[in-house]
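# Structural features, examined
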Amino acid sequence: MIRQQLCAFIKLSFLDLYRRKDLFVLLVLSCVLLTPLALLRPFGQMGGNRYMNEIAMLMIWVFSFIIALGASSRLFPPEFESRTIYPLLSKPVSRGVVLLGKYLGALSTSISALAIFYFLYAMLNGFRGGEWFSPLLLQAFVLHCGFTAIVVALGLLGSLLVTTSANITLTSTIVVVMFLLGRRLPHYIAADETPVRWIIAAAHAIGPHVEFFDLRQRLVHSWEMISWPVCALALIYAASYSVTCLWLAWLALRRKQL
Amino acid sequence: MHPIELENIRKSFNNVHAVNNLSLKVTGGEIFGFLGTNGAGKTTTIKMLLGLIKPDDGKLSLFGKDAHDISTKKRIGFMPETAYYYPFLKAHELIAFYGELCGMDKKTIKTRTEELLVEVGLENTGKKTLKTFSKGMLQRVGIAQALLHDPDLFILDEPFTGLDPLAKIHFRDLILKLKKRGKTVFFSSHELSEAELICDRVAILKEGSSVYDGPVTEIAGDGKSNLERIFLHVLKDKKSEDINKQMEAGK
């Protein structure tokens, strides 16, 4: 029965995402931006191709982040605002299943959108004379799914603690800061001798290490793949971080005054 | 074993008593009206019955079990006062979603959905999503989702709100049909005329406590009183006494 309930939530999330126009707007925007990039051959230089691929990958990361955060931050607030949470929780379904179902729903829809973006990237690369498919592309996609799992879990947790706008601002700030500075922070901490370094170290330890999941440079420059055990470790980290967020979200939902 | 049993229930929010020492017993197969003014504690009581909030004190049971028990929830059909549901879904999709949450198989969901949409008069809504539905139509969707899994106890929060006169008659007949099938109906309402027509028993709530609990026939037995007058009488505040005097004077 729990499996059936989880599937019902996943189906609900898909209907929500695909009947709203957000995804289609981003897809059309991607096509509008990527198609000229696929057709352009600036000076016939390989470096030019790489530059185009880098832009395409950046777009995929930004758009997939918007979709994941948009889907997860909207999971609970509308339920409370329109009071649909009452008939929902009056059914024989526990709050834990509602939470997990909504998480899996948002995650699966975000991953489906991500798959479409990676397909578009493969097409772009193929049209430009590169490989249509490579194991590195698969590895990048798998790790990107790990990143999405963390973003969705953070968005879900935030949706139960703060308002939607505050949630989007906070989650975006945390993810973007960790994304940009995650790799550099250990160097800053080592170089800094003031007590502030302990605060930065704590923030670095608690923050989501989204930088683990970024294979853009390897993909763009066709570098070697990372080893699969390292990839598995990153995915275990994503799973652990998501489970911790979900556990905190469950505590928040259990105590929420309805 | 009573479908609903409350014993000295208390619930406060920020030191304000929403429900204060409330005791009730609803017998199987009866239609029970839960009446009271705004802020009397009706919705808080319903939320406690559904296991959405916990009482601070007292004993609450549904069919002899805890309200949070999942097996108890299988026997309850709840219709909220005004829920806007998921605007991106169609009526049949929403009912199917709730059916899946209730653990019903696909074939039963399909059959029940078709039956229920006809029963509540929404069979022609087809491809329309719920965002295009009127308030009355959403109330009908609410009724359909409450009836879906054929529960033994119906908890209805202000079920007549937003319904047109024809729909009210239809819904009243539906409640009476449920009673004939041995179902228990517990509903809160401001619509005293509706309560008078269909209820076996009523409880009148004032400031979180029950000020009257008994059969409708008993309180309206003299043929002169109606539930509205009794309602005003038991609430006994100055404003209602003035209204009562005006009613007695035939104004």
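Whatever comes next refers back to the structure up there.
Overview of the structure. Just so it is clear, the structure is predicted and the values come from calculations on it, not from any experiment.

## Some remarks on the sheet that holds strand β1 (residues 4–13) of chain B
By definition, the strands of a sheet pair up through backbone hydrogen bonds, in either a parallel or an antiparallel sense. Residues and elements named next belong to chain B. The three strands lie next to each other as β2-β1-β4, forming an open sheet whose pairing is antiparallel. For this open sheet the edge positions go to β2 (16–26) and β4 (57–62), each flanked by a neighbour on one side alone. Averaged over all pairs of adjacent strands, the angle between strand axes in this sheet comes to 25°, irrespective of strand direction. Sheet analysis places β1 next to β4, joined by five bridges and oriented antiparallel. Within β4, the position partnered with Arg-10 by the bridge is Asp-57. The strands that helix α1 (residues 42–49) touches are β1, β2 and β4; relative to β1, the one it contacts most, it runs at about 120°.

## A few points about the pattern of salt bridges
With the rule as written, the count across this model stands at 16 salt bridges over all chains. Sharing partners across several salt bridges, the network here consists of B:Arg75, B:Asp150, B:Asp152, B:Arg181 and B:Lys183.

## Concerning the pairing of β1(B)
As defined by bridge partners, β1(B) adjoins β2(B) across seven bridges and the pair is classed as antiparallel. Bridging from a neighbouring strand, B:Leu6 pairs with B:Leu24 of β2(B).

## Considerations on the sheet that holds strand β9 (residues 209–215) of chain B
Residue and element names in this part refer to chain B. Read across the open sheet, the six strands follow the order β5-β6-β7-β3-β8-β9; overall the sheet is mixed. Each edge of the sheet is formed by a strand with only one pairing partner; in this case those strands are β5 (76–79) and β9. Adjacent strand axes in the sheet meet at a mean angle of 15°, parallel and antiparallel pairs treated alike. Direction of pairing for strand β3 (residues 31–36) relative to strand β8 (residues 201–206): parallel, over a ladder of five bridges.

## Quick look at the interface of chain B and chain A
Much of the literature gives interface size as the accessible area that the parts lose upon coming together. Between chain B and chain A, the residue contacts involve 30 residues of the former and 26 residues of the latter. Both faces considered, chain B and chain A share a buried interface measuring about 2,800 Å² in area, 62% of it formed by carbon and sulfur atoms. It is B:Leu52, B:Phe88 and B:Leu101 that lose the most area in chain B upon contact with chain A, and together they represent 25% of the buried surface on that side. For the pair chain B and chain A, the interface holds two salt bridges. Taking the shortest distance from any N to any O, the salt bridge between A:Lys11 and B:Glu100 comes out at 3.7 Å. One can count nine residue pairs in polar contact (both at pLDDT 80 or more) joining chain B with chain A. The element contributing the most residues to the side of chain B that touches chain A is helix α3 (residues 91–101) of chain B, with five residues. Here the side of chain B that touches chain A is built from residues that sort into 18 nonpolar, five polar and seven charged.

## Concerning the packing of aromatic side chains
Tallied over the entire structure, the rule returns 20 aromatic pairs over all chains. For the ring pair A:Trp61 and A:Phe179, a centre distance of 5.1 Å and an interplane angle of 40° mean the geometry is tilted. Here A:Trp61 is found in helix α3 (residues 46–73), whereas its partner A:Phe179 is found in helix α8 (residues 164–181), with 118 residues between them in sequence. With centroids separated by 5.5 Å and ring planes inclined at 70°, the aromatic side chains of B:Phe160 and B:Phe171 adopt a geometry described as edge-to-face. Of this pair, B:Phe160 sits in the loop between β6 (153–157) and α6 (165–180) while B:Phe171 is found in helix α6, placing the two residues 11 residues apart along the sequence. The same class applies to B:Phe160 and to B:Phe171, which are both buried. Note that A:Lys256 overlies the ring of A:Phe80, its terminal NZ or CZ placed 4.9 Å from the centroid.

## Topic: the packing of helix α7 (residues 135–161) of chain A against helix α12 (residues 228–255) of chain A
All names here are of chain A. Contact geometry for α7 and α12: axes closest at 9 Å, N-to-C directions at 15°. One way to sum up the angle between α7 and α12 is to call them roughly parallel. Two packed elements cross with a definite hand, and for α7 against α12 that hand is left-handed. Tallied by class, residues from the contact of α7 with α12 come to 23 nonpolar, three polar and no charged.

## A short note on helix α4 (residues 106–119) of chain B
Residues and elements named next belong to chain B. Between its first and last C-alpha atoms α4 spans 20 Å; for 14 residues at 1.5 Å apiece the expected length is 20 Å, and the two agree. Among all positions of α4, only Ile-109, Arg-112, Thr-113, Leu-116 and Leu-117 are buried. Viewed along the axis of α4, the buried residues span an arc of 130°, placing them on a single side of the element. Opposite the buried face of α4, by more than 90 degrees, sit the exposed residues Lys-107, Lys-110 and Val-118. Against α3 and α5 (135–147) lie the buried residues of α4. Two or three places before Lys-107, at the opening of α4, Asp-105 has a side-chain oxygen 3.2 Å from that residue's backbone nitrogen. Immediately downstream of α4, the backbone of Gly-121 shows phi near 75°, a positive value.

## What to know about the environment of A:Leu170
Of note, A:Leu170 is situated in helix α8. By relative accessible area, which is 47% here, A:Leu170 ends up partly exposed.

## Some details on the environment of A:Ala238
All names here are of chain A. Here Ala-238 lies in helix α12. Residue Ala-238 is classed as buried on the basis of its relative accessible area, which comes to 2%. As a C-alpha pair, Ala-238 and Arg-216 span 22 residues in sequence and 18 Å in three-dimensional space. Apart from residues lying up to four places away in sequence, Ala-238 is in contact with Gly-146, Ile-150 and Phe-213.

## Topic: the side chain of A:Glu211
Residue and element names in this part refer to chain A. Structurally, Glu-211 can be placed in the loop between α10 (196–206) and α11 (216–220). Within the local environment of Glu-211, its side chain forms a polar contact with the side chain of His-209, the two groups lying 2.8 Å apart. Apart from the residues within four sequence positions on either side, Glu-211 is in contact with Met-178, Phe-179, Gly-182, Arg-183 and His-204.

## Quick word on the side chain of A:Ser159
Residues and elements named next belong to chain A. Summarising the element assignment, Ser-159 is placed in helix α7. Ser-159 gets classed as buried once you look at its relative accessible area, which sits at 4%. What Ser-159 contacts, discounting residues up to four positions off in sequence, is Ser-72, Ser-73, Phe-76, Pro-77 and Asn-167.

Definitions and limits used
- Residues numbered from 1 in each chain as written.
- Chains lettered and ligands numbered in written order.
- Predicted model: local features only at pLDDT ≥ 70, side-chain atom pairs only at ≥ 80, totals over all residues.
- Heavy atoms only, no water.
- Pairing = 2+ DSSP bridges.
- Helix = DSSP H or I, 4+ residues; strand = E, 2+ residues; numbered from the N terminus.
- Axes fitted to C-alpha atoms, helices over the stretch in contact; angles between N-to-C directions.
- Contact = heavy atoms within 4.5 Å.
- Salt bridge = Lys/Arg side-chain N within 4 Å of Asp/Glu carboxyl O.
- Buried area = accessible area lost by both parts, 1.4 Å probe.
- Polar contact = N/O pair within 3.5 Å; in protein donor to acceptor, adjacent residues only side chain to side chain.
- Nonpolar A, V, L, I, M, F, W, Y, C, P; charged D, E, K, R; others polar.
- Phe/Tyr/Trp six-rings, centres within 6.5 Å; stacked < 30°, edge-to-face > 60°.
- Buried < 20%, exposed > 50% of the residue type's maximum accessible area, 1.4 Å probe, protein only.
- Lys NZ or Arg CZ within 6 Å of the ring centre and 35° of its normal.
- Parallel < 35°, antiparallel > 145°, perpendicular 65-115°, else oblique.
- Left-handed = near helix turned anticlockwise from the far one by under 90°.
- Expected span 1.5 Å × (residues − 1).
- Arc of directions from axis to C-beta.

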